[in-house]
Amino acid sequence: MIKIKTPAEIEAMKPAGALSKMALRKAGTLVVPGTHTIDIDRVVESLIRIHGATPAFKGYLGFPASICCSINNEIVHGIPGEGVILKEGDIVSIDTGATLNGWVGDNAWTFFCGKPSLEDKALCEVTRDCLSLGIQQAVPGNHLGDIGFAIQEHAEKNGYGVVREYVGHGVGHVMHEEPNVPNYGKKSRGVRLQEGMVLAIEPMIVLKSPKNETQTNRWTVVTVDGGTAAHYENTIAITKDGPVILTEDEKGPTCPMEGGPDKANLIPQI
Ligand code: MG
């Protein structure tokens, strides 16, 4: 059953969304060559807990960390680790979620570690645009298929593959509610969208074949052909005025594509 949220409940979900985005933005500043991904996990967990929230992923079905960190050919559910060290040219997909005041926020972003290859940069930009196009379809009266269609069409017209086995989802008091939100579909098909639905829209787009497998750690999903993968996600509410992005902090609903320190916060050199 799809749980419809009242305008007051949607308002109440915003702090969890803002904190999830703040955590993701912070994670991005640590995406530089030499970082152990476990350190990103530690920083994100502290940031979430210091705000009185809990990391939504830690312990979820036994997941061992507060972030998912998926590098290059890893599509989703990568596990951060002590010996997992970022290197120049990696693309790093980080997923953060926070539960605050009983509500969940869920978002993800693929960051460049140093300078990406031109083909990885293009993949990321197209995937980010897939997310925007999908969100634009999240209006009352449209169907779930309109979201999937917009994402799939933009990805495939650029020559990329769409992962089918992992999809977006409803969000509420728990991270995964109904409905599933596939990144593929047909116009005007599927559940009719209505005011009060809250969805995590999260295209997972790959450079080559979308065929994937899960590694022996039971979590990390990788492309079978080794091609790189990108993943962007926001939690949105469908309202009569259109989609409202809940995973938005004071800097907005998106992160910089480049990992590393936020240049706006650096002291200018004299
Ligand atoms: Mg999600």
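All chains use their own residue numbering, which begins from 1 and follows the written sequence. This being a predicted model, a pLDDT of at least 70 is required before a residue's local features are given, and a value of 80 or more before pairs of side-chain atoms are given or counted; all residues contribute to the totals for chains, interfaces and linings. Here the side-chain values reflect all heavy atoms present in the structure, with hydrogen atoms and water set aside.

S.K.: Help me out: how do you make sense of the coordination of the magnesium ion in this one?
M.R.: Metal coordination angles in their ideal form are 109.5 degrees for the four-donor tetrahedron and 90 or 180 degrees for the six-donor octahedron. Protein coordination at the magnesium ion comes from Asp106 (OD), His169 (NE2), Glu202 (OE) and Glu233 (OE), with a distance range of 2.1 to 2.4 Å. Metal-coordinating donors are taken as N, O and S atoms lying within 2.8 Å of the metal, or within 3.2 Å when the metal is Na, K or Ca; because water is left out, some sites can appear incomplete. Taken in chain order, the donor set of the magnesium ion reads D-x62-H-x32-E-x30-E. Separated by 96 residues along the polypeptide, Asp106 in strand β5 (residues 103-112) and Glu202 in the loop between β9 (198-201) and β10 (204-206) bring together distant segments of the chain. Grouping residues by exposure puts Asp106 and Glu202 together as buried. Counting from the N terminus, the helices are DSSP H or I runs at least four residues long and the strands are E runs at least two residues long. Partly exposed residues are those whose accessible area sits between 20% and 50% of the maximum for their type, while under 20% is buried and over 50% is exposed, using a 1.4 Å probe and protein chains only.

S.K.: It is not clear to me how helix α4 (residues 144-157) should be interpreted in this structure. Could you clarify?
M.R.: Think of an α-helix as turning once every 3.6 residues; residues three or four places apart then point the same way. Helices are assigned an expected span. That span is 1.5 Å times one less than the residue count. With 14 residues, α4 should reach 20 Å at 1.5 Å per residue; the first-to-last C-alpha distance of 20 Å fits that figure. Most of α4 is tucked away: 10 of the 14 residues are buried. For α4, the full list of buried residues reads Leu144, Gly145, Asp146, Ile147, Gly148, Ala150, Ile151, Gln152, His154 and Ala155. Lining the buried residues of α4 we find α3 (118-136), β6 (161-162), β8 (177-181), β9 and β10. The first or second residue beyond α4 is Gly159, which carries a positive phi of 90°. Whether two residues touch is decided by their heavy atoms; if any such pair falls within 4.5 Å, the residues are in contact.

S.K.: In this structure, what is going on with the pattern of salt bridges? I would like to understand it.
M.R.: Two side chains carrying opposite charge are able to pair once their charged atoms lie near each other. The rule for a salt bridge is simple: a side-chain nitrogen of Lys or Arg has to be within 4 Å of a carboxyl oxygen of Asp or Glu. In this structure the tally under the stated criterion is 10 salt bridges. Here Arg49 makes a salt bridge to Glu45, at a shortest N to O gap of 2.8 Å. Here Arg49 and its partner Glu45 are both found in helix α2 (residues 37-50), four residues apart, which amounts to about one turn of the helix. Among the charged side chains, a network of salt bridges with common partners joins Asp39, Arg42 and Glu82.

S.K.: Even after reading the chapter, I still don't get the environment of Glu156, so can you show me in this structure?
M.R.: Tracing the sequence through the fold places Glu156 in helix α4. We classify Glu156 as partly exposed; its relative accessible area is 39%. As for Glu156 and Ile205, which are separated by 49 residues in sequence, their C-alpha atoms are 9.3 Å apart. Among residues more than four places away in sequence, those in contact with Glu156 are Val162 and Arg164.

S.K.: Looking at this structure, how should I read the sheet that holds β6?
M.R.: Picture the strands of a sheet paired through backbone hydrogen bonds; they go either parallel or antiparallel. As summarised here, the arrangement of the three strands in space is β6-β10-β13, forming an open sheet in which the pairing is antiparallel. Two strands lie at the open edges of the sheet, namely β6 and β13 (229-231), each paired on one side alone. Note on pairing: DSSP must find at least two bridges between two strands before they are called paired. In this structure, β10 lies alongside β13, joined through three bridges in antiparallel fashion. The partner of Met204 across the bridge, within β13, is His231.

S.K.: Before we go on, may I ask you to explain the packing of aromatic side chains in this structure?
M.R.: The criterion for an aromatic pair is that two Phe, Tyr or Trp rings (for Trp, the six-membered ring) have centres within 6.5 Å, with stacked assigned to planes under 30 degrees apart, edge-to-face to planes over 60 apart and tilted to the rest. For the structure on display, the rule yields two aromatic pairs. Here Phe63 and Trp219 contribute two aromatic rings whose centre-to-centre distance is 5.0 Å and whose plane-to-plane angle is 90°, an arrangement assigned as edge-to-face. You can see Phe63 sitting in the loop between β1 (54-55) and β2 (67-71) and its partner Trp219 sitting in the loop between β11 (212-214) and β12 (221-223), a full 156 residues away along the chain. The exposure class assigned to Phe63 is buried, which follows from its relative accessible area of 3%. Assessed through its relative accessible area of 15%, Trp219 is described here as buried. Between Trp109 and Tyr232, the ring centres sit 4.7 Å apart and the planes meet at 85°, which makes this aromatic pair edge-to-face. Highlighted residues: Trp109 in strand β5 and Tyr232 in the loop between β13 and β14 (234-239), separated in sequence by 123 residues. One exposure class covers both Trp109 and Tyr232, and it is buried. Lying across the ring of Tyr184, Arg164 places its NZ or CZ 4.2 Å from the centre. Put simply, a charge is over a ring when the Lys NZ or the Arg CZ is close to the ring centre, within 6 Å, and near the line of the ring normal, within 35 degrees.

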